[in-house]
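Breakdown of the fold
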Amino acid sequence: MFFTGGLKSLLPHVLRRIIRCNRLSISNTSGMAEGYKQANVVILHKSLADDFEKFCHANDGPLPLLYRSKPGDWKCPSLSSDSDIRTDCPQYRIYEHGACTGSLKSLKEYSEQLKDMVTFYLGCSFSFEKAVQNAGIPVRNVEQKCNVSMYKTAVPCYSVSTFCCNLVVTMRPIPESKLEAAVLATSGLKEAHGAPIHMGDPGLLGIQDLSKPDYGDPVHLYPGDIPVFWACGVTGVEAVMNCRAALAFTHSPGCMFITDLKNDSVTVGSSREVPQVHCISQDPLHYSIVSAKAAQKIKNLETLIGIDPGDRGISHLHRQDELLKACLSISHARSVLITTGFPTHFTYEPPEENDGPPGALAIAAILQALEKEVAIVTDQRAMNLNKKIIEEAVQLGILKRRVPLLSYQRESADSALMFLCENGNPKRPRFDHLIAIERAGMAADGNYYNARKVNIKHLVDPIDDLFLAAQTIPGITTTGVGDGGNELGMGKVKDAVKKHIRNGDVIACDVEADFTVVAGVSNWGGYAIACALYILSTCEIHDRYLRKAVGFPQLSEKMVWLSALPSVTKEEKLLKTLVQHRVRSGKTASLEMEVDGLPFYNTHSLMIEKLL
């Protein structure tokens, strides 16, 4: 490979002339003509051009269209003053009926065929390398003097006619402390693929081995580096192969067309639009992106639900940004399992609190609206109650459809693994995220206690097993929602519970969740999760990251999501339904039932109004 500092500083038209004359052995153009835009190239028969342009617009993350030529036009005046696409890439590939049949230094011998062909110039990530370096971030492939690594993923692009393929990505190792700076440096450069589409474990994209890229060279990670992936224009090469055109040409991956256009520095409009990076999983390692504006809204929700109406000291249990991180994780999930149920009112049958089921169904409703799979697991003795509540929630329009209702019993040592994973295989989990909301949690002595230190173990099925097993299964993340410290998942704050909550030394739940959402009333936590998921779904920065910059924004579904949010009217009806199915001494239970000694209904309605 020929690579010198001189090529970095040469002007584009000089570099094109050098490439055109084939004077140097250039294996890739990374690092050349710093600060200028480079382009991927796809050349197709004119009969395919309109469909390919639509394909580009439908997948503008990997395929940002810089210029489309007319048939037989070898120049691109809006990109360069003096160019010839037949000679100005260091190397080309020729495709016949979908198969690569060779590499070429020049396309001049195909000039006759090119008269009926259209050239597409597509943005390239080489264009943002200078911006990344200016942000104080090392570009490892430039340091290591090699091509960038490119990988095929398992992420399907939006198909148009005969153009269909999976997304191709580039990978650049970024020091963990520089992740947010890398996102900020590239997010405004839309014509160079914009912000990353994934940060963390390559397996989440279907990439099995970083040392074996599908295109380009292996780029080594240094200690502390995180693999960061950007959408890549080589996606167009994959689309060309899959469309099986009789004849097509592309640049050879890494051998770009260098334009005369400068990468103008992009200023973010306001601090509220600045993307933030948050780690949402350690195994597998996974980071997510959200706008500062959306993040602040969710932080406001977290503050709001932290109000302590019973003055029980729950402020000491609060962990900052747990609601945000939990909801970012849930937003990425495909399938969610919810559990609720806290038997504490022994004069009722069944002895369930009002707190828990309404919040659980609020979460289930927004998950259904977001087209995620959702199920509920609860105690066997409470199955009939929950079944009736779910059925009436569907009739009332709170749920789009019935939520599968499950029960769990410990029949063997691997019961939890069999429940959570297909055939007990930890590599095939049925659920990505478990949520416990106002669910009795196991204390350190193996018992379950209500706030008054009454042992209720005989009324509680061992659903804690699922959360304990999830700690050993990569890909399953957990959230616990509680208001007193004795709920499932509150083990993460057990020391604070023992110190600050009445009877905490006895009742504190010992089972941890990855994220702990603390609320004055647990239902408030459920409503906040629903609202936060709506906020994330309407955040353009998060939406793009979630869909990997392929396809179209889902904001057209905004009204569907909005209609799924909890409301005072909905929850009023749900509470009445709940109490109608619980009996006290032969009489229907009161709507003013207490939760842990607190008048529940009034505070419940006020909080919904505040959250919305």
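Check the entry above for the structure.
Residues numbered from 1 in each chain as written. Predicted model: local features only at pLDDT ≥ 70, side-chain atom pairs only at ≥ 80, totals over all residues. Heavy atoms only, no water.

Overview of the overall build of the chain
Looking only at helices and strands, one finds 21 helices and 25 strands in the chain. For the C-alpha atoms alone, the extent of the chain along its principal axes is close to 95 × 50 × 45 Å. A buried classification covers 59% of the 612 residues belonging to the chain. Sequence-distant contacts, at least 24 apart, represent 76% of the contacts inside the chain between residues at least 6 apart. Side-chain charges in the chain split into 65 positive and 67 negative, and the spacing between the mean points of these groups amounts to 4 Å. (Helix = DSSP H or I, 4+ residues; strand = E, 2+ residues; numbered from the N terminus. Buried < 20%, exposed > 50% of the residue type's maximum accessible area, 1.4 Å probe, protein only. Contact = heavy atoms within 4.5 Å. Lys, Arg positive; Asp, Glu negative; His and termini not counted. Charge placed at Lys NZ, Arg CZ, Asp CG, Glu CD.)

Quick notes on the sheet that holds strand S20 (residues 477-482)
Strand order in the open sheet formed by six strands is S18-S17-S15-S19-S20-S21, and the pairing between neighbours is parallel. The outermost strands of the open sheet, each flanked by one partner alone, are strand S18 (405-407) and strand S21 (515-518). Ignoring which end each strand starts from, the neighbouring axes of this sheet average 25° apart. Both strand S15 (residues 335-341) and strand S19 (residues 433-439) contribute to a ladder of six bridges, which runs parallel. Within S19, the position partnered with Leu337 by the bridge is Leu434. On the sheet, helix H12 (residues 383-395) packs against strand S17 (373-378) and S18 and is oriented at approximately 165° with respect to S18. (Pairing = 2+ DSSP bridges. Axes fitted to C-alpha atoms, helices over the stretch in contact; angles between N-to-C directions.)

Things to note about helix H7 (residues 179-187)
All of the buried residues in H7 are Leu179, Ala182, Val183, Ala185, Thr186 and Ser187. Of the surrounding secondary structure, the elements contacted by the buried residues of H7 are helix H5 (129-134), strand S7 (166-175), strand S8 (198-200), strand S10 (225-231), strand S13 (275-282) and strand S14 (285-291).

Topic: the packing of aromatic side chains
Counted under the stated rule, the structure contains 11 aromatic pairs. Taking 6.2 Å as the distance between ring centres and 35° as the angle between the ring planes, the aromatic pair formed by Phe52 and Phe55 counts as tilted. Residue Phe52 and its partner Phe55 are both found in helix H3 (residues 46-58); the two are separated by three residues, about one turn of the helix. For the pair shown, Phe52 and Phe55 are each scored as buried. Under the relative-accessibility criterion, Phe52 is labelled buried at 0%. Here the aromatic cluster, defined as three or more aromatic residues joined through ring pairs, consists of Phe52, Phe55, Phe120 and Phe163. A cation sits over an aromatic face here: Lys548 above Tyr545, 6.0 Å from the ring centre. (Phe/Tyr/Trp six-rings, centres within 6.5 Å; stacked < 30°, edge-to-face > 60°. Lys NZ or Arg CZ within 6 Å of the ring centre and 35° of its normal.)

Quick look at H12
In this model H12 runs 18 Å from its N-terminal to its C-terminal C-alpha over 13 residues, within 8% of the 18 Å that 1.5 Å per residue would give. Buried within H12 are the following residues: Met383, Leu385, Asn386, Ile389, Ile390 and Ala393. Looking straight down H12, one finds its buried side chains confined to an arc of 160°; they lie on one side. Every exposed residue of H12 that faces more than 90 degrees away from the buried side is listed here: Asn384 and Gln395. Those residues of H12 that are buried lie in contact with helix H11 (357-369), S17, S18 and helix H20 (568-580). (Expected span 1.5 Å × (residues − 1). Arc of directions from axis to C-beta.)

Brief notes about the environment of Ala49
By secondary structure assignment, the location of Ala49 is in helix H3. Along the primary structure Ala49 and Pro71 are separated by 22 residues, whereas in three dimensions their C-alpha atoms are 9.3 Å apart. In this structure, Ala49 is in contact with Arg68, Val118 and Phe120, ignoring residues within four places of it in sequence.

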